[in-house]
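For reference, the chains in residue letters:
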Amino acid sequence: MSKNLKAIQILAKIGKIISKVTFIVTVVCGIICLAYLSALLGVQELRVGGTDLIAWLTKGNDMSLEAQYFACVSGVIVCIGQAVLCKFSYRYFKNELSAGTPFTNEGATEILRLGIITLVIPCVIVIAQEVARNVWFPGILEFATEDMTEMGYGVMFILCSVFFRYGAELENGKQLDKGEG
């Protein structure tokens, strides 16, 4: 294995770990948003490891009740979108590590899919937040939306898919040349 391919594989291992950890964090954050929402809806006590999670979450909050509801719903929307992105990223890195190289047709297709999803999900998150705000929380005038910078990553992944597919063609050409000689 070349020095460059080893570096790629190390980065893929790091990407796989980060994707998994980030997935877990987004799920936990989504659960916290749901727990807070349940507190707002009247659940009196929710204990986790001896700590009353509801009391801990609501302590010192000065937002209006409607803003708190919206923040929870918006948080759940963002966490779901991010968890989906993390799951697809994890799957890409896992499959790339199994193949031993990003230069396969399957890997190129998979990173193309990841790029498209990375472009689409932030848009879906913002639209879902806007729909929730306009339908259920019309009193909320300003709010922070999902950061759309991820869309740049989507474009980068799509470009990488072209390079990876070309690398796969070169690899297949080398294999064909070896087989013919």
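Look above for the structure.
Fair warning: this is a prediction, and the values are worked out from it, not measured in the lab.

Before going further, it helps to spend a moment on the overall build of the protein. When helices and strands are tallied, the protein shows 5 helices and 2 strands. Listing the helices and strands of the protein from first to last along the sequence gives α-β-β-α-α-α-α. Of the contacts made within the protein by residues no fewer than 6 positions apart, 76% connect residues no fewer than 24 positions apart. Surface exposure of the protein reaches about 11200 Å², of which carbon and sulfur atoms provide 67%.

What follows deals with the side chain of Thr-118. Positionally, Thr-118 belongs in helix 4 (residues 105-136). Judged by relative accessible area, Thr-118 falls into the buried class, the value being 5%. A polar contact is formed between the side chain of Thr-118 and the backbone oxygen of Leu-114, at a distance of 2.6 Å. Not counting chain neighbours up to four residues away, the residues in contact with Thr-118 comprise Leu-85, Glu-150, Met-151, Tyr-153, Gly-154 and Phe-157.

Before going further, it helps to examine helix 1 (residues 3-40). Under the 1.5 Å per step criterion, the end-to-end length of helix 1 is 55 Å for 38 residues, consistent within 8% with the ideal 56 Å. All buried positions along helix 1 are accounted for by Gln-9, Ala-12, Gly-15, Ser-19, Thr-26, Gly-30, Cys-33, Ala-35, Tyr-36, Leu-37, Ala-39 and Leu-40. In the stretch just after helix 1, Gly-42 is the one whose phi turns positive, near 115 degrees.

Let us now look at the packing of aromatic side chains. Using the criterion set out here, one finds 3 aromatic pairs in the structure. On the basis of an interplanar angle of 65 degrees and a centroid distance of 5.4 Å, the ring pair of Tyr-92 and Phe-93 is categorised as edge-to-face. Here Tyr-92 falls in the buried class, since its relative accessible area comes to 5%. With a centroid separation of 5.5 Å and an interplanar angle of 85 degrees, the aromatic rings of Phe-103 and Phe-164 are classed as edge-to-face. Of this pair, Phe-103 sits in the loop between helix 3 (65-99) and helix 4 while Phe-164 is found in helix 5 (residues 150-180), placing the two residues 61 residues apart along the sequence. What makes Phe-103 partly exposed here is its relative accessible area of 28%. Under the relative-accessibility criterion, Phe-164 is labelled buried at 14%.

A few words on the environment of Ala-128. The residue Ala-128 is located in helix 4 in this model. When its relative accessible area of 28% is taken as the criterion, Ala-128 is described as partly exposed. For the pair formed by Ala-128 and Val-73, sequence separation is 55 residues and the distance between their alpha carbons is 9.8 Å.

Orientation of helix 3 relative to helix 4, taken along the N-to-C sense of each, is 175 degrees, at an axis distance of 10 Å. Looking at the two axes, helix 3 sits roughly antiparallel to helix 4.

Let us look at the environment of Ile-80. The residue Ile-80 is located in helix 3 in this model. For Ile-80, a relative accessible area of 53% puts it in the exposed group. Note: C-alpha distance between Ile-80 and Val-27 (53 residues apart in sequence) is 7.6 Å.

On the surface, Ile-10, Leu-11, Ile-14 and Ile-18 cluster together to form a nonpolar patch covering roughly 390 Å² of accessible area. Looking at where Ile-10 falls in the secondary structure, it is placed in helix 1.

Another point: the pattern of salt bridges. Two side chains that carry opposite charge are able to pair once their charged atoms sit near each other. Tallied over the entire structure, the rule returns 2 salt bridges. Between Arg-91 and Glu-110 there is a salt bridge, with its nearest N and O atoms 3.2 Å apart. One end of the pair, Arg-91, is in helix 3; the other, Glu-110, is in helix 4, with 19 residues separating them in the sequence.

Rules used in this analysis
- Residues numbered from 1 in each chain as written.
- Predicted model: local features only at pLDDT ≥ 70, side-chain atom pairs only at ≥ 80, totals over all residues.
- Heavy atoms only, no water.
- Helix = DSSP H or I, 4+ residues; strand = E, 2+ residues; numbered from the N terminus.
- Contact = heavy atoms within 4.5 Å.
- Areas by Shrake-Rupley, 256 points an atom, 1.4 Å probe, with all protein chains shown as cover.
- Buried < 20%, exposed > 50% of the residue type's maximum accessible area, 1.4 Å probe, protein only.
- Polar contact = N/O pair within 3.5 Å; in protein donor to acceptor, adjacent residues only side chain to side chain.
- Expected span 1.5 Å × (residues − 1).
- Phe/Tyr/Trp six-rings, centres within 6.5 Å; stacked < 30°, edge-to-face > 60°.
- Axes fitted to C-alpha atoms, helices over the stretch in contact; angles between N-to-C directions.
- Parallel < 35°, antiparallel > 145°, perpendicular 65-115°, else oblique.
- Patch = residues over 30% accessible without salt bridge, like charges linked within 9 Å, V, L, I, M, F, W, Y side chains within 5 Å.
- Salt bridge = Lys/Arg side-chain N within 4 Å of Asp/Glu carboxyl O.

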